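Overview (structure and organization)
If you want the building blocks of each chain, they are given just below.
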Amino acid sequence: MELWESGERHVSWAARSMPVLTAIGERFALERPFDGLAIAACLHVTAETAVLMGALKAGGATIALAASNPLSTQDDVAATLREYGVAVHARAGVDRATYYRHIHQALDVEPDLVLDDGCDLVNILHTERTDLLGRVGGGCEETTTGIIRLRQMAAEGALRFPVVAVNDTRTKRMFDNRYGTGQSTLDGIMRATNTMLAGRTVVVAGFGYCGRGVAERAKGLGARVIVTEIDAVKALDATLQGYEVRPMARAAPSGDLFVTVTGNRDVITAEHLAVMKDGAILANAGHFDVEIDVRALDELASEVHRGVRPNTDEYVMPDGRRLLLLAEGRLVNLTAAEGHPAAVMDMSFSAQALAVAWLARERSGLEPGVYDVPEHIDHEVAGLKLAATGISIDVLTEEQEDYLHSWRVGS
(Lines give C-alpha, C1' and ligand atoms only; values in the text may rest on other atoms or scores of the structure.)
Protein backbone atom coordinates (compact mmCIF):
# COMPACT_ATOMS: atom_id res chain seq x y z
CA MET A 1 0.00 0.00 0.00
CA GLU A 2 3.01 2.33 0.32
CA LEU A 3 2.94 2.53 -3.51
CA TRP A 4 -0.42 4.29 -3.66
CA GLU A 5 0.99 7.82 -4.03
CA SER A 6 3.02 6.71 -7.04
CA GLY A 7 -0.10 5.07 -8.42
CA GLU A 8 -2.12 8.22 -7.88
CA ARG A 9 0.35 10.18 -10.03
CA HIS A 10 0.22 7.44 -12.63
CA VAL A 11 -3.59 7.46 -12.77
CA SER A 12 -3.79 11.26 -12.83
CA TRP A 13 -1.40 11.35 -15.79
CA ALA A 14 -3.55 8.84 -17.70
CA ALA A 15 -6.75 10.75 -16.88
CA ARG A 16 -5.37 13.84 -18.63
CA SER A 17 -5.62 11.95 -21.92
CA MET A 18 -9.04 10.45 -21.13
CA PRO A 19 -11.47 13.39 -21.22
CA VAL A 20 -14.38 11.38 -22.61
CA LEU A 21 -14.31 8.74 -19.88
CA THR A 22 -13.83 11.46 -17.26
CA ALA A 23 -16.97 13.23 -18.54
CA ILE A 24 -18.90 9.95 -18.51
CA GLY A 25 -17.82 9.41 -14.90
CA GLU A 26 -19.20 12.84 -14.01
CA ARG A 27 -22.47 11.95 -15.73
CA PHE A 28 -22.63 8.64 -13.85
CA ALA A 29 -22.13 10.47 -10.55
CA LEU A 30 -25.39 12.32 -11.24
CA GLU A 31 -27.39 9.47 -12.80
CA ARG A 32 -26.15 6.63 -10.50
CA PRO A 33 -26.90 3.80 -13.00
CA PHE A 34 -25.22 1.15 -10.82
CA ASP A 35 -26.74 1.88 -7.42
CA GLY A 36 -27.12 -1.39 -5.55
CA LEU A 37 -25.19 -3.41 -8.15
CA ALA A 38 -21.96 -5.35 -7.70
CA ILE A 39 -19.51 -5.66 -10.59
CA ALA A 40 -16.73 -8.27 -10.85
CA ALA A 41 -14.05 -7.34 -13.38
CA CYS A 42 -11.11 -9.22 -14.85
CA LEU A 43 -9.04 -6.60 -16.66
CA HIS A 44 -5.44 -5.46 -17.00
CA VAL A 45 -4.75 -3.50 -13.82
CA THR A 46 -3.31 -0.37 -15.39
CA ALA A 47 -3.74 3.36 -14.90
CA GLU A 48 -6.28 3.50 -17.73
CA THR A 49 -8.33 0.73 -16.11
CA ALA A 50 -8.27 2.73 -12.88
CA VAL A 51 -10.00 5.63 -14.67
CA LEU A 52 -12.71 3.21 -15.85
CA MET A 53 -13.13 1.79 -12.35
CA GLY A 54 -13.47 5.34 -11.02
CA ALA A 55 -16.27 6.09 -13.49
CA LEU A 56 -18.20 2.93 -12.57
CA LYS A 57 -17.74 3.54 -8.85
CA ALA A 58 -18.98 7.12 -9.31
CA GLY A 59 -22.13 5.53 -10.76
CA GLY A 60 -22.76 3.64 -7.53
CA ALA A 61 -21.17 0.25 -8.27
CA THR A 62 -19.49 -2.02 -5.74
CA ILE A 63 -16.43 -3.32 -7.62
CA ALA A 64 -14.04 -6.25 -7.23
CA LEU A 65 -11.17 -6.36 -9.73
CA ALA A 66 -8.77 -9.15 -10.70
CA ALA A 67 -6.03 -9.03 -13.33
CA SER A 68 -6.55 -10.56 -16.78
CA ASN A 69 -2.83 -11.30 -17.18
CA PRO A 70 -0.30 -12.31 -14.49
CA LEU A 71 2.37 -9.96 -15.82
CA SER A 72 0.39 -6.84 -16.72
CA THR A 73 -0.52 -5.56 -13.24
CA GLN A 74 0.92 -2.20 -12.20
CA ASP A 75 1.26 -2.64 -8.42
CA ASP A 76 1.16 1.07 -7.66
CA VAL A 77 -2.13 1.38 -9.55
CA ALA A 78 -3.53 -1.60 -7.62
CA ALA A 79 -2.68 0.17 -4.37
CA THR A 80 -4.35 3.38 -5.55
CA LEU A 81 -7.51 1.50 -6.52
CA ARG A 82 -7.68 0.13 -2.99
CA GLU A 83 -7.58 3.73 -1.76
CA TYR A 84 -10.48 4.47 -4.16
CA GLY A 85 -12.51 1.72 -2.46
CA VAL A 86 -12.17 -0.89 -5.20
CA ALA A 87 -11.44 -4.43 -3.95
CA VAL A 88 -8.32 -5.38 -5.96
CA HIS A 89 -7.06 -8.96 -6.19
CA ALA A 90 -3.92 -8.61 -8.30
CA ARG A 91 -0.16 -8.40 -8.04
CA ALA A 92 2.52 -8.25 -10.73
CA GLY A 93 4.26 -11.51 -11.60
CA VAL A 94 2.04 -14.02 -9.80
CA ASP A 95 2.02 -17.69 -10.80
CA ARG A 96 -0.87 -19.32 -12.66
CA ALA A 97 -2.52 -20.74 -9.55
CA THR A 98 -2.54 -17.34 -7.82
CA TYR A 99 -3.88 -15.70 -10.97
CA TYR A 100 -6.95 -17.95 -10.93
CA ARG A 101 -7.33 -17.60 -7.16
CA HIS A 102 -7.57 -13.84 -7.66
CA ILE A 103 -10.39 -14.31 -10.18
CA HIS A 104 -12.28 -16.44 -7.68
CA GLN A 105 -11.76 -13.74 -5.02
CA ALA A 106 -13.22 -11.12 -7.36
CA LEU A 107 -16.25 -13.35 -7.94
CA ASP A 108 -16.79 -13.58 -4.19
CA VAL A 109 -18.44 -10.15 -4.47
CA GLU A 110 -21.44 -12.08 -5.93
CA PRO A 111 -21.70 -9.90 -9.03
CA ASP A 112 -24.78 -8.61 -10.80
CA LEU A 113 -22.61 -7.66 -13.81
CA VAL A 114 -19.19 -8.78 -15.00
CA LEU A 115 -16.45 -7.22 -17.13
CA ASP A 116 -13.99 -9.57 -18.79
CA ASP A 117 -10.84 -9.37 -20.89
CA GLY A 118 -10.15 -12.76 -22.42
CA CYS A 119 -13.16 -14.70 -21.05
CA ASP A 120 -11.34 -16.32 -18.11
CA LEU A 121 -13.76 -14.88 -15.55
CA VAL A 122 -16.83 -15.90 -17.57
CA ASN A 123 -15.32 -19.34 -18.13
CA ILE A 124 -14.81 -19.84 -14.38
CA LEU A 125 -18.38 -18.69 -13.71
CA HIS A 126 -19.68 -21.37 -16.08
CA THR A 127 -17.41 -24.19 -14.85
CA GLU A 128 -16.46 -23.64 -11.21
CA ARG A 129 -18.75 -20.92 -9.79
CA THR A 130 -22.08 -21.99 -11.25
CA ASP A 131 -23.74 -21.11 -7.94
CA LEU A 132 -23.42 -17.44 -8.96
CA LEU A 133 -24.92 -17.72 -12.45
CA GLY A 134 -28.48 -17.09 -11.32
CA ARG A 135 -27.48 -13.66 -10.02
CA VAL A 136 -25.39 -12.43 -12.98
CA GLY A 137 -27.50 -10.27 -15.27
CA GLY A 138 -24.92 -9.74 -18.01
CA GLY A 139 -21.39 -8.87 -18.92
CA CYS A 140 -19.03 -7.15 -21.32
CA GLU A 141 -16.02 -8.62 -23.15
CA GLU A 142 -13.12 -6.44 -24.28
CA THR A 143 -10.96 -8.67 -26.50
CA THR A 144 -11.02 -10.55 -29.80
CA THR A 145 -9.88 -13.73 -28.04
CA GLY A 146 -12.68 -13.46 -25.50
CA ILE A 147 -15.34 -12.90 -28.15
CA ILE A 148 -14.19 -16.01 -30.03
CA ARG A 149 -14.64 -18.08 -26.87
CA LEU A 150 -18.00 -16.49 -26.02
CA ARG A 151 -19.46 -17.04 -29.50
CA GLN A 152 -18.48 -20.70 -29.25
CA MET A 153 -20.16 -20.93 -25.85
CA ALA A 154 -23.29 -19.34 -27.28
CA ALA A 155 -23.28 -21.67 -30.32
CA GLU A 156 -23.13 -24.67 -27.99
CA GLY A 157 -25.93 -23.30 -25.79
CA ALA A 158 -23.56 -23.04 -22.82
CA LEU A 159 -23.64 -19.27 -22.26
CA ARG A 160 -26.06 -18.47 -19.45
CA PHE A 161 -26.36 -14.67 -19.62
CA PRO A 162 -26.12 -11.86 -22.19
CA VAL A 163 -22.64 -10.52 -22.98
CA VAL A 164 -21.92 -7.35 -24.94
CA ALA A 165 -19.05 -7.62 -27.44
CA VAL A 166 -17.31 -4.33 -26.70
CA ASN A 167 -14.37 -5.48 -28.83
CA ASP A 168 -16.52 -5.41 -31.95
CA THR A 169 -17.35 -1.71 -31.97
CA ARG A 170 -15.86 0.32 -34.80
CA THR A 171 -14.08 2.64 -32.37
CA LYS A 172 -12.51 -0.35 -30.58
CA ARG A 173 -11.37 -2.26 -33.65
CA MET A 174 -10.25 0.72 -35.66
CA PHE A 175 -8.41 2.66 -32.95
CA ASP A 176 -7.65 0.39 -29.99
CA ASN A 177 -6.82 -2.75 -31.95
CA ARG A 178 -5.08 -1.05 -34.85
CA TYR A 179 -3.35 2.03 -33.47
CA GLY A 180 -3.13 1.01 -29.84
CA THR A 181 -1.82 -2.50 -30.41
CA GLY A 182 0.45 -1.37 -33.24
CA GLN A 183 2.20 1.31 -31.19
CA SER A 184 2.31 -0.45 -27.82
CA THR A 185 3.55 -3.76 -29.25
CA LEU A 186 6.55 -2.16 -30.91
CA ASP A 187 7.08 -0.04 -27.78
CA GLY A 188 7.35 -3.22 -25.69
CA ILE A 189 9.69 -4.90 -28.17
CA MET A 190 12.03 -1.91 -28.32
CA ARG A 191 12.06 -1.47 -24.52
CA ALA A 192 12.92 -5.15 -24.09
CA THR A 193 15.58 -5.40 -26.81
CA ASN A 194 16.67 -1.88 -27.81
CA THR A 195 16.74 -3.23 -31.36
CA MET A 196 16.54 -1.07 -34.49
CA LEU A 197 13.76 -2.09 -36.86
CA ALA A 198 14.91 -0.16 -39.92
CA GLY A 199 16.27 -2.62 -42.45
CA ARG A 200 15.16 -5.68 -40.45
CA THR A 201 12.61 -8.29 -41.53
CA VAL A 202 9.52 -8.40 -39.32
CA VAL A 203 7.12 -11.33 -39.63
CA VAL A 204 3.59 -10.48 -38.46
CA ALA A 205 1.37 -13.52 -37.90
CA GLY A 206 -2.23 -12.44 -38.45
CA PHE A 207 -3.61 -9.50 -40.40
CA GLY A 208 -6.71 -8.60 -38.45
CA TYR A 209 -6.98 -5.08 -37.05
CA CYS A 210 -4.25 -5.76 -34.47
CA GLY A 211 -1.89 -7.37 -36.97
CA ARG A 212 -2.53 -4.59 -39.45
CA GLY A 213 -1.54 -2.04 -36.83
CA VAL A 214 1.69 -3.88 -35.99
CA ALA A 215 2.57 -4.22 -39.69
CA GLU A 216 1.90 -0.53 -40.37
CA ARG A 217 3.99 0.67 -37.46
CA ALA A 218 6.88 -1.68 -38.33
CA LYS A 219 6.78 -0.59 -41.97
CA GLY A 220 6.76 3.04 -40.87
CA LEU A 221 9.96 2.43 -38.90
CA GLY A 222 11.71 1.10 -42.00
CA ALA A 223 11.23 -2.63 -41.58
CA ARG A 224 10.55 -5.11 -44.36
CA VAL A 225 7.29 -6.79 -43.34
CA ILE A 226 6.15 -10.32 -44.15
CA VAL A 227 2.57 -11.27 -43.22
CA THR A 228 1.30 -14.80 -42.53
CA GLU A 229 -2.43 -15.50 -42.68
CA ILE A 230 -5.05 -18.27 -42.90
CA ASP A 231 -7.81 -16.01 -44.27
CA ALA A 232 -7.71 -15.50 -48.04
CA VAL A 233 -9.43 -12.09 -47.93
CA LYS A 234 -7.06 -10.73 -45.27
CA ALA A 235 -4.07 -12.18 -47.13
CA LEU A 236 -5.23 -10.43 -50.31
CA ASP A 237 -5.69 -7.19 -48.37
CA ALA A 238 -2.11 -7.47 -47.05
CA THR A 239 -0.82 -8.13 -50.56
CA LEU A 240 -2.63 -5.12 -52.01
CA GLN A 241 -1.16 -2.96 -49.23
CA GLY A 242 2.31 -3.94 -50.39
CA TYR A 243 3.24 -6.61 -47.85
CA GLU A 244 4.75 -9.94 -48.81
CA VAL A 245 2.50 -12.82 -47.77
CA ARG A 246 3.94 -16.26 -47.01
CA PRO A 247 3.09 -19.33 -44.93
CA MET A 248 4.95 -19.34 -41.61
CA ALA A 249 7.10 -22.29 -42.73
CA ARG A 250 8.53 -20.13 -45.52
CA ALA A 251 8.72 -16.96 -43.44
CA ALA A 252 10.53 -18.57 -40.50
CA PRO A 253 14.05 -18.66 -42.04
CA SER A 254 13.82 -14.98 -43.10
CA GLY A 255 12.56 -13.17 -40.01
CA ASP A 256 14.61 -11.07 -37.61
CA LEU A 257 11.53 -10.36 -35.45
CA PHE A 258 8.33 -12.41 -35.18
CA VAL A 259 5.11 -10.97 -33.75
CA THR A 260 2.11 -13.27 -33.27
CA VAL A 261 -1.28 -11.57 -33.08
CA THR A 262 -3.85 -14.18 -34.12
CA GLY A 263 -5.87 -15.21 -31.06
CA ASN A 264 -5.04 -18.87 -31.81
CA ARG A 265 -2.54 -21.41 -30.51
CA ASP A 266 0.61 -22.97 -32.04
CA VAL A 267 1.26 -20.21 -34.53
CA ILE A 268 5.02 -20.64 -34.08
CA THR A 269 5.95 -24.27 -33.45
CA ALA A 270 9.06 -26.45 -33.17
CA GLU A 271 9.09 -26.77 -36.98
CA HIS A 272 9.52 -23.01 -37.32
CA LEU A 273 11.92 -22.60 -34.40
CA ALA A 274 14.25 -25.17 -35.96
CA VAL A 275 14.93 -23.00 -39.03
CA MET A 276 15.03 -19.49 -37.54
CA LYS A 277 18.22 -17.49 -37.85
CA ASP A 278 20.59 -16.71 -35.01
CA GLY A 279 19.31 -13.79 -32.92
CA ALA A 280 15.67 -14.02 -34.03
CA ILE A 281 13.30 -12.27 -31.61
CA LEU A 282 9.94 -13.85 -30.66
CA ALA A 283 7.12 -11.66 -29.33
CA ASN A 284 3.43 -12.31 -28.77
CA ALA A 285 0.74 -9.63 -28.92
CA GLY A 286 -2.21 -12.02 -28.67
CA HIS A 287 -4.10 -12.28 -25.40
CA PHE A 288 -2.96 -15.73 -24.22
CA ASP A 289 0.53 -17.24 -24.07
CA VAL A 290 -0.27 -20.07 -26.49
CA GLU A 291 0.62 -18.52 -29.84
CA ILE A 292 4.35 -19.26 -29.50
CA ASP A 293 5.04 -22.86 -28.41
CA VAL A 294 7.20 -22.00 -25.41
CA ARG A 295 7.26 -25.62 -24.25
CA ALA A 296 8.83 -26.67 -27.57
CA LEU A 297 11.34 -23.84 -27.22
CA ASP A 298 12.31 -25.16 -23.76
CA GLU A 299 12.68 -28.70 -25.09
CA LEU A 300 14.78 -27.65 -28.10
CA ALA A 301 17.18 -25.43 -26.17
CA SER A 302 20.46 -26.75 -24.78
CA GLU A 303 20.79 -23.68 -22.55
CA VAL A 304 18.42 -20.98 -21.32
CA HIS A 305 19.67 -17.63 -20.06
CA ARG A 306 16.91 -15.81 -18.16
CA GLY A 307 16.77 -12.03 -18.07
CA VAL A 308 19.59 -11.22 -20.51
CA ARG A 309 17.64 -7.95 -20.71
CA PRO A 310 14.44 -6.96 -18.91
CA ASN A 311 11.64 -9.25 -20.15
CA THR A 312 14.05 -11.06 -22.49
CA ASP A 313 15.13 -14.70 -22.19
CA GLU A 314 17.78 -16.24 -24.47
CA TYR A 315 17.37 -19.83 -25.67
CA VAL A 316 20.54 -21.40 -27.07
CA MET A 317 19.95 -24.17 -29.61
CA PRO A 318 22.30 -27.19 -29.88
CA ASP A 319 23.72 -25.75 -33.12
CA GLY A 320 24.62 -22.49 -31.35
CA ARG A 321 21.74 -20.37 -32.64
CA ARG A 322 20.22 -17.99 -30.06
CA LEU A 323 16.49 -17.26 -30.04
CA LEU A 324 15.19 -14.44 -27.86
CA LEU A 325 11.75 -14.82 -26.25
CA LEU A 326 10.11 -11.67 -24.93
CA ALA A 327 7.75 -11.49 -21.92
CA GLU A 328 7.65 -15.29 -21.50
CA GLY A 329 5.45 -15.43 -24.60
CA ARG A 330 2.76 -13.34 -22.92
CA LEU A 331 1.38 -9.99 -24.08
CA VAL A 332 4.53 -8.07 -24.89
CA ASN A 333 2.85 -4.65 -24.97
CA LEU A 334 1.55 -4.95 -21.41
CA THR A 335 4.49 -6.88 -19.95
CA ALA A 336 7.45 -5.05 -21.45
CA ALA A 337 5.65 -1.70 -21.88
CA GLU A 338 2.54 0.03 -20.51
CA GLY A 339 -0.10 -1.14 -22.95
CA HIS A 340 -2.11 1.15 -25.18
CA PRO A 341 -1.74 4.93 -24.86
CA ALA A 342 -4.36 6.47 -22.59
CA ALA A 343 -5.85 8.49 -25.45
CA VAL A 344 -6.75 5.25 -27.22
CA MET A 345 -8.14 3.59 -24.10
CA ASP A 346 -10.30 6.68 -23.56
CA MET A 347 -12.46 5.51 -26.46
CA SER A 348 -12.42 1.78 -25.66
CA PHE A 349 -13.23 2.24 -21.98
CA SER A 350 -15.84 4.91 -22.71
CA ALA A 351 -17.65 2.41 -24.93
CA GLN A 352 -17.22 -0.15 -22.15
CA ALA A 353 -18.67 2.18 -19.51
CA LEU A 354 -21.68 3.15 -21.63
CA ALA A 355 -22.27 -0.49 -22.61
CA VAL A 356 -22.29 -1.54 -18.94
CA ALA A 357 -24.81 1.21 -18.15
CA TRP A 358 -26.98 0.06 -21.07
CA LEU A 359 -26.73 -3.52 -19.84
CA ALA A 360 -27.69 -2.48 -16.31
CA ARG A 361 -30.91 -0.99 -17.75
CA GLU A 362 -31.76 -3.65 -20.32
CA ARG A 363 -30.44 -6.92 -18.85
CA SER A 364 -33.81 -8.21 -17.66
CA GLY A 365 -35.15 -8.21 -21.22
CA LEU A 366 -32.15 -9.89 -22.87
CA GLU A 367 -31.75 -13.59 -23.56
CA PRO A 368 -28.37 -15.31 -23.06
CA GLY A 369 -26.08 -14.68 -26.02
CA VAL A 370 -23.47 -12.33 -27.49
CA TYR A 371 -24.76 -8.84 -28.34
CA ASP A 372 -23.26 -6.02 -30.34
CA VAL A 373 -22.83 -2.68 -28.61
CA PRO A 374 -25.79 -0.49 -29.63
CA GLU A 375 -24.68 1.64 -32.56
CA HIS A 376 -25.67 4.90 -30.89
CA ILE A 377 -23.03 4.23 -28.18
CA ASP A 378 -20.26 3.86 -30.78
CA HIS A 379 -21.30 7.12 -32.46
CA GLU A 380 -21.61 8.90 -29.12
CA VAL A 381 -18.07 7.91 -28.12
CA ALA A 382 -16.63 9.02 -31.46
CA GLY A 383 -18.51 12.32 -31.28
CA LEU A 384 -17.40 13.01 -27.72
CA LYS A 385 -13.78 12.23 -28.64
CA LEU A 386 -13.88 14.64 -31.58
CA ALA A 387 -15.40 17.35 -29.39
CA ALA A 388 -12.77 16.79 -26.70
CA THR A 389 -9.99 17.26 -29.26
CA GLY A 390 -11.60 20.38 -30.77
CA ILE A 391 -12.45 18.78 -34.12
CA SER A 392 -15.73 19.58 -35.84
CA ILE A 393 -17.33 17.78 -38.79
CA ASP A 394 -20.02 18.51 -41.34
CA VAL A 395 -23.72 17.91 -40.64
CA LEU A 396 -26.19 16.76 -43.26
CA THR A 397 -28.68 19.33 -44.49
CA GLU A 398 -32.39 18.53 -44.50
CA GLU A 399 -32.23 18.02 -48.27
CA GLN A 400 -29.31 15.60 -47.93
CA GLU A 401 -31.16 13.62 -45.26
CA ASP A 402 -34.23 13.41 -47.53
CA TYR A 403 -32.06 12.28 -50.45
CA LEU A 404 -30.50 9.47 -48.46
CA HIS A 405 -33.93 8.20 -47.39
CA SER A 406 -35.64 8.45 -50.76
CA TRP A 407 -35.69 6.09 -53.72
CA ARG A 408 -37.58 8.42 -56.05
CA VAL A 409 -34.76 10.84 -56.96
CA GLY A 410 -32.49 9.62 -59.77
CA SER A 411 -29.79 11.17 -61.91
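Throughout what follows, the structure given in this document is the object of discussion. (Residues numbered from 1 in each chain as written. Predicted model: local features only at pLDDT ≥ 70, side-chain atom pairs only at ≥ 80, totals over all residues. Heavy atoms only, no water.)

This part covers the environment of R151. Position of R151 relative to the elements: it lies in helix α7 (residues 144-155). Separated by 12 residues in sequence, R151 and V163 place their C-alpha atoms 9.7 Å apart. With near-sequence residues (within four places) excluded, R151 lies in contact with A165, D168, V370 and D372. Separated by 2.9 Å, the side chains of R151 and D168 make a polar contact. (Helix = DSSP H or I, 4+ residues; strand = E, 2+ residues; numbered from the N terminus. Contact = heavy atoms within 4.5 Å. Polar contact = N/O pair within 3.5 Å; in protein donor to acceptor, adjacent residues only side chain to side chain.)

Here we take up the sheet that holds strand β1 (residues 38-43). The 7 strands are arranged β3-β2-β1-β4-β5-β6-β15 in an open sheet whose pairing can be described as parallel. Taken across any chain shown, the strands that pair with only one partner, and hence form the sheet edges, are β3 (87-89) and β15 (369-372). Taken over all neighbouring pairs, the strand axes of this sheet differ in orientation by 20 degrees on average, direction set aside. With 4 bridges joining them, strand β4 (residues 113-116) and strand β5 (residues 138-141) adopt parallel strand pairing. The residue bridging L113 from the neighbouring strand is G138, located in β5. Its contacts with the sheet place α7 against β5, β6 (162-165) and β15, and it is angled at close to 130 degrees to β15. (Pairing = 2+ DSSP bridges. Axes fitted to C-alpha atoms, helices over the stretch in contact; angles between N-to-C directions.)

What follows deals with the pattern of salt bridges. All told, the structure shown has 26 salt bridges when counted by the stated rule. D35 is paired through a salt bridge with R32; the nearest N and O atoms lie 2.9 Å apart. R32 sits in the partly exposed class, given a relative accessible area of 37%. In this structure, D237 engages R212 in a salt bridge whose closest nitrogen and oxygen atoms are separated by 3.2 Å. Here R212 lies in helix α9 (residues 209-220) and D237 lies in helix α10 (residues 232-240), a separation of 25 residues in the sequence. Judged by relative accessible area, D237 falls into the partly exposed class, the value being 24%. Each member of the salt-bridge network shares a partner with another, and the members are R96, D289 and R330. (Salt bridge = Lys/Arg side-chain N within 4 Å of Asp/Glu carboxyl O. Buried < 20%, exposed > 50% of the residue type's maximum accessible area, 1.4 Å probe, protein only.)

Turning next to the side chain of N284. Of note, N284 is situated in strand β11 (residues 281-284). At a separation of 3.2 Å, a polar atom in the side chain of N284 contacts the main-chain carbonyl oxygen of F288. Leave out the neighbours within four places in its chain, and N284 touches T260, D289, E291, I292, G329, R330, L331 and V332.

A few words on empty space enclosed by the protein. Tallied over the entire structure, the rule returns 1 cavity of 30 Å³ or more. The calculated volume of the largest cavity comes to roughly 40 Å³. Of the residues belonging to the lining of the largest cavity, the class tally is 5 nonpolar, 4 polar and 1 charged. (1 Å grid on protein atoms, 1.4 Å probe; cavity = no way out; pocket = protein on both sides within 12 Å on 5 of 7 lines; lining within 4 Å. Points joined across faces, edges and corners; volume = space filled by probe spheres on them. Nonpolar A, V, L, I, M, F, W, Y, C, P; charged D, E, K, R; others polar.)

With that out of the way, let us pick up the packing of helix α8 (residues 170-193) against helix α15 (residues 342-362). Taken N-terminus to C-terminus, the directions of α8 and α15 make an angle of 150 degrees; their axes are 9 Å apart at the nearest point. In terms of orientation, α8 and α15 fall into the roughly antiparallel class. Helix-helix and strand crossings are classified by hand; for α8 and α15 the assignment is left-handed. Residues K172, F175, D176 and G180 of α8 touch α15, and the partners they reach there are V344, M345, M347 and S348. (Parallel < 35°, antiparallel > 145°, perpendicular 65-115°, else oblique. Left-handed = near helix turned anticlockwise from the far one by under 90°.)

Further remarks concern the nonpolar core. Core analysis: the largest hydrophobic core is formed by 52 residues, its most contacted members being F28, F34, M53, L56, L81 and L115. Residue contacts for L115: discarding those within four places in its chain leaves I39, A40, A41, C42, L43, M53, L56, C140, Q352 and V356. Listed in part, the 27 residues of the second largest apolar core include A192, V259, I281 and V332. (Core = buried A, V, L, I, M, F, W, Y, C linked by side-chain atoms within 4.5 Å.)

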